[in-house]
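The residues making up each chain are set out below.
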Amino acid sequence: MRLRTPWRGRVLAVLMATVAVVTAGPVPGTASATTASRAALVPAVDREIHFTADGVTAYGTLHIPAHRAGHKLAAALLLPGSGPTDRNGNEPPGLTPHTLARMADVLGSDGVMSLRFDKYGTGRTGLGGRDTAPDMAAYTRQAVTAYNTLRAQPDADPQALLVVGHSEGGLQALLVDRAVQQKPAGLALIAPQSMRLLDLVRLQLADALNRAVAAGQLTARQAWRNNRGVARAVADFRARRPVDTSVLLPSVAALLKGMFGPVNSDFVRSDDALFPPSVARGVAPGTRTLVTCGTEDTNVPCRTMPALLSGLAAARTTGPGLRILPGLDHLLHPAGTPADDPVIALAAQQALHDFVRPWQHTAQG
């Protein structure tokens, strides 16, 4: 998953302004000195950026909050969820909640710069000439390259690198931590994938079928038949046997055919081979870690988190740990909010603020 050098002109302008102020010779503590200090502020900017992983150019956005010239900033890599989710956390045109873009804004308000990018299959990056989705290892290599690109930015503090992953991006954040030489100081796992992929899909479908029964849309017998059919389909796919979806509801069959078909099967196998709690045990000791779950999240319910939290505890991570977000769904919205609303609920914002507290700063301080 994706340097131009327009920053040089801005830094040069700031340096020239600073030299001019020094030449004027303000006395420390005077109003003139205060004015000179303010003149040394670098304004906030969003900058297009690109990098190359496995021969494919990826494109992204570097958000740099306002800060004093020469001040190094904590820097966060933002990782999106599953499917064709782009740098902003959208799957256009059907779903545009701007989840990652809003996270960048929240982190920027605390003086944390960030990089978000179009992973394979999304935005300007595309599939890089492939006909099928890459496997999980390719996505991890892309994310590692993005992390190293962020670390190399002149404004970034290499001792304050963070990774923030949403949904499947939470698992990817753990994989980045495992792969990079200079470990992140913190990991924020926002509604993270906490189980093997196909176990999570089975749970999601079972919950959806139960809701349909409660709403009078299905009989208990139909739900039982579909749950049994999904379990068999998953077992057959894992065993590389032919998968029969003929007994399933059309919507359920379509979902599994898409996952198990030729375009996505390699990726699904590679993701399903990973058990997130085991990956979490490899996180560097002392890493500041945040895990969130919304009580109305039907994609990754809170009841799936204990094993992941145990893995992080075994790794001796520190930090806020688990933050339960009452009433929030998977997109960090209050339940019932239209999916396309570009907002992050205050409780989720506060969790991010608390996570970056050791690295917070303002342009004035």
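Look up: the structure comes first, before these words.
This write-up is about the structure you can find in this document. (Residues numbered from 1 in each chain as written. Predicted model: local features only at pLDDT ≥ 70, side-chain atom pairs only at ≥ 80, totals over all residues. Heavy atoms only, no water.)

## Describing the nonpolar core
Soluble globular proteins: nonpolar side chains tend toward being buried together.
Next up, step 1: L77, L79, M113, L174, V176 and F260 are the most contacted members of the largest nonpolar core, which totals 64 residues.
Next up, step 2: Top contributing element to this core by residue count: helix α4 (residues 136-151), with eight residues.
Next up, step 3: Other than its neighbours up to four places away in sequence, M113 contacts L62, H63, I64, P65, L73, A74, A75, A76, L150, Q153, D155 and A156.
Next up, step 4: One finds A76, A104, L332 and V356 within the second-largest nonpolar core, a separate group that totals 27 residues. (Core = buried A, V, L, I, M, F, W, Y, C linked by side-chain atoms within 4.5 Å. Buried < 20%, exposed > 50% of the residue type's maximum accessible area, 1.4 Å probe, protein only. Helix = DSSP H or I, 4+ residues; strand = E, 2+ residues; numbered from the N terminus. Contact = heavy atoms within 4.5 Å.)

## With respect to the pattern of salt bridges
Next up, step 1: The full count for this structure, using the stated rule, is twelve salt bridges.
Next up, step 2: For R87, the salt bridge goes to E48, with nearest N and O atoms at 3.0 Å. Taken together, the positions of R87 in the loop between β5 (73-79) and α3 (99-109) and E48 in strand β2 (residues 45-53) put the pair 39 residues apart, joining distant regions of the chain.
Next up, step 3: On the accessibility criterion, E48 (26% relative accessible area) is partly exposed.
Next up, step 4: Linking R238 and D199 is a salt bridge whose minimum nitrogen-to-oxygen distance equals 3.1 Å. Here D199 lies in helix α6 (residues 197-214) and R238 lies in helix α7 (residues 220-238), a separation of 39 residues in the sequence.
Next up, step 5: Judged by relative accessible area, which is 31%, R238 ranks as partly exposed.
Next up, step 6: Among the residues examined, D199 registers a relative accessible area of 25% and is labelled partly exposed.
Next up, step 7: When salt bridges with common partners are traced through the structure, they connect E48, R87, D118 and R124 into a single cluster. (Salt bridge = Lys/Arg side-chain N within 4 Å of Asp/Glu carboxyl O.)

## Quick look at the layout of surface pockets
Using a probe with the size of a water molecule, rolled over the atoms, empty space left in the structure can be pinpointed.
Next up, step 1: Of the volumes computed, that of the largest pocket is approximately 1,100 Å³.
Next up, step 2: Taken together, 43 residues form the lining of the largest pocket, with G81, S82, G83, E91 and N299 sitting closest to its centre.
Next up, step 3: Counting residues per element, the ones that place at least two in the lining of the largest pocket are α3, α6, α8 (250-260) and α9 (265-272).
Next up, step 4: With seven residues, the top contributor of residues to the lining of the largest pocket is α6. (1 Å grid on protein atoms, 1.4 Å probe; cavity = no way out; pocket = protein on both sides within 12 Å on 5 of 7 lines; lining within 4 Å. Points joined across faces, edges and corners; volume = space filled by probe spheres on them.)

## Quick look at the pairing of strand β10 (residues 318-325)
Next up, step 1: Looking at chain direction, strand β9 (residues 288-294) and β10 are connected through six bridges and run parallel. Pairing of C293 across the sheet is with I324, part of β10.
Next up, step 2: Assessed by its sense of winding, the connection that carries the chain from β9 through helix α11 (residues 306-314) to β10 is right-handed. (Pairing = 2+ DSSP bridges. Right-handed = clockwise from strand over helix to strand, strands pointing away.)

## Observations regarding the side chain of Q153
Next up, step 1: Tracing the sequence through the fold places Q153 in the loop between α4 and β7 (156-166).
Next up, step 2: Residue classification places Q153 among the buried positions, given a relative accessible area of 5%.

## Regarding the environment of D110
Next up, step 1: Tracing the sequence through the fold places D110 in the loop between α3 and β6 (113-117).
Next up, step 2: What makes D110 buried here is its relative accessible area of 9%.
Next up, step 3: With 249 residues separating them in the primary sequence, D110 and W359 have C-alpha atoms 8.0 Å apart.
Next up, step 4: Side chain to side chain, D110 and Q360 meet in a polar contact 3.1 Å long. (Polar contact = N/O pair within 3.5 Å; in protein donor to acceptor, adjacent residues only side chain to side chain.)

## Description of a positive patch on the surface
Next up, step 1: A surface patch of positive charge is lined by R221, R225, R228 and R232.
Next up, step 2: Here R221 is to be found in helix α7.
Next up, step 3: Its relative accessible area of 53% is what places R221 among the exposed residues. (Patch = residues over 30% accessible without salt bridge, like charges linked within 9 Å, V, L, I, M, F, W, Y side chains within 5 Å. Areas by Shrake-Rupley, 256 points an atom, 1.4 Å probe, with all protein chains shown as cover. Lys, Arg positive; Asp, Glu negative; His and termini not counted. Charge placed at Lys NZ, Arg CZ, Asp CG, Glu CD.)

## A closer look at α6
Next up, step 1: Under the 1.5 Å per step criterion, the end-to-end length of α6 is 26 Å for 18 residues, consistent within 8% with the ideal 26 Å.
Next up, step 2: Elements that come into contact with the buried residues of α6 comprise α7, α8 and α9.
Next up, step 3: One or two residues past the end of α6 sits G216, with phi positive at roughly 80°. (Expected span 1.5 Å × (residues − 1).)

## Considerations on the sheet that holds β6
Next up, step 1: With respect to topology, eight strands assemble into an open sheet ordered β2-β3-β6-β5-β7-β8-β9-β10, the strand pairing being mixed. Where the open sheet ends on each side, the last strands, each with one partner, are β2 and β10. Looking at each pair of strands side by side, their axes are set apart by 20° on average, direction ignored.
Next up, step 2: Bridge count for strand β3 (residues 56-64) against β6 is four bridges, and the pairing is antiparallel. By the bridge assignment for β6, H63 is matched with S114.
Next up, step 3: Packed onto the sheet, α4 meets β2, β3, β5, β6 and β7 and runs at close to 130° relative to β2. (Axes fitted to C-alpha atoms, helices over the stretch in contact; angles between N-to-C directions.)

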